[in-house]
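# Structural overview
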Amino acid sequence: MKILIATEKPFASAAVARMRDEIEKAGHELELLEKYSEKSQLLSAVSEADALIVRSDKIDAEVFEAAKQLKIVVRAGAGYDNIDLNAAIAHHVVVENTPGQNANAVAELVFGLLVYAVRNFYNGKSGCELKGRKIGLLAFGNVGRNVARIAKGFDMDVYAYDAYCPADVIEAAGVHPVRNQEELFATCDVVSLHIPATPETRNSIDHALVGKMKKGGVLINTARKEIINEAELLRLLSEREDLKFITDIKPDAHEDFLKLEGRYFSTPKKMGAQTAEANLNAGVAAACQINAFFKDGCTKFQVNK
Ligand code: 3PG
């Protein structure tokens, strides 16, 4: 089988080497398309692929149409909002993700960004400590759970709300469950977003919700930019000069957010999962899932059933 790794933002080379080992050991052939700049390159590369491994690469109906041999796409990572699941179903292609494999990397970045923000972006002025502060996790999946673990090391008081995770599961992890997202924002000094981009969550982080935060609140987004209602958040931040917004996904209105001097920071390029370990874990998991699919028909991580 021909297995294509198509990554506009490539994996670390050590991860690609291990993925190649796994794929070739199983008797398959690896093709690599990295740092491509034109969609036409992707369309031509997929034309003979039986399997495809991607990161945030957009896999839409046109790609599925061009990929006549394609049987499986694995998104090496958690969020699969970049893949058109209906088009995949129409073309009888299995779509999988690799849940949890890059979660620790994203969770560690939350604290890298958070310390930077509460220390006033290292401008020399006194900031504040995280110890004793309340952090709220919006969603308690793999990343949220890792953030909770690290937050406890900082001696933070951890709260969470997850529409799909029962309160007793949250409580069993030593985290305070709250009844809804409004209560989470009203309770916590820091809110960290870990929800996927879905029709329900798009634009859901809005003026009314973030406006519930206490004085000096910090909002941190390492999830998806689509969940933020940018116009409303900008309006709120111009009304509430005590709030800060830090993000790993540059907003479309980045230039406008930059005007909020000392209260906004964005990484230049999404880098939550950009560690050697996360690349290796997610990349090798993707390769092994494809091998298992071709060997035994295993579809354990399928997301388009
Ligand atoms: C994910 O959904 O797994 C993360 O957002 C990482 O995405 P990336 O592989 O595009 O960095």
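Predicted, not measured: the structure shown is a model, and the values here were computed from it.

### Looking at the UniProt feature "domain: D-isomer specific 2-hydroxyacid dehydrogenase NAD-binding" (unreviewed entry) in the protein
The UniProt feature table records "domain: D-isomer specific 2-hydroxyacid dehydrogenase NAD-binding" (unreviewed entry) at residues 124–249. Within residues 124–249, the helical portion is 31% and the strand portion 19%, while the C-alpha atoms at the span's ends are 26 Å from each other.

### Here we look at the sheet that holds strand β8 (residues 176–177)
Where strands meet in a sheet, backbone hydrogen bonds hold them as pairs that are either parallel or antiparallel. With parallel pairing, the seven strands of this open sheet are ordered in space as β8-β7-β6-β9-β10-β11-β12. At either end of the open sheet lies a strand with only one pairing partner, and these are β8 and β12 (264–266). Sheet analysis places strand β10 (residues 218–221) next to strand β11 (residues 244–247), joined by four bridges and oriented parallel. Within β11, the residue paired with L219 across the bridge is F245. Along the sheet, helix α6 (residues 142–153) makes contact with β6 (134–138) and β7 (157–161), crossing β6 at roughly 170°.

### Details of helix α10 (residues 230–239)
Along α10, the positions that sit buried rather than exposed are E230, L233, L234, L236 and L237. All buried residues of α10 fall inside an arc of 165° around its axis, so they share one side. Buried-residue contacts for α10 involve α9 (207–210), β10, β11 and α11 (254–258).

### What to know about the UniProt feature "domain: D-isomer specific 2-hydroxyacid dehydrogenase catalytic" (unreviewed entry) in the protein
Those residues carrying the UniProt feature "domain: D-isomer specific 2-hydroxyacid dehydrogenase catalytic" (unreviewed entry) are residues 20–304 in this numbering. Across residues 20–304, the secondary structure splits into 37% helix and 16% strand, with the terminal C-alpha atoms separated by 26 Å.

Definitions and cut-offs
- Residues numbered from 1 in each chain as written.
- Predicted model: local features only at pLDDT ≥ 70, side-chain atom pairs only at ≥ 80, totals over all residues.
- Heavy atoms only, no water.
- UniProt positions renumbered as here; feature names shortened; annotations may be inferred.
- Helix = DSSP H or I, 4+ residues; strand = E, 2+ residues; numbered from the N terminus.
- Pairing = 2+ DSSP bridges.
- Contact = heavy atoms within 4.5 Å.
- Axes fitted to C-alpha atoms, helices over the stretch in contact; angles between N-to-C directions.
- Buried < 20%, exposed > 50% of the residue type's maximum accessible area, 1.4 Å probe, protein only.
- Arc of directions from axis to C-beta.

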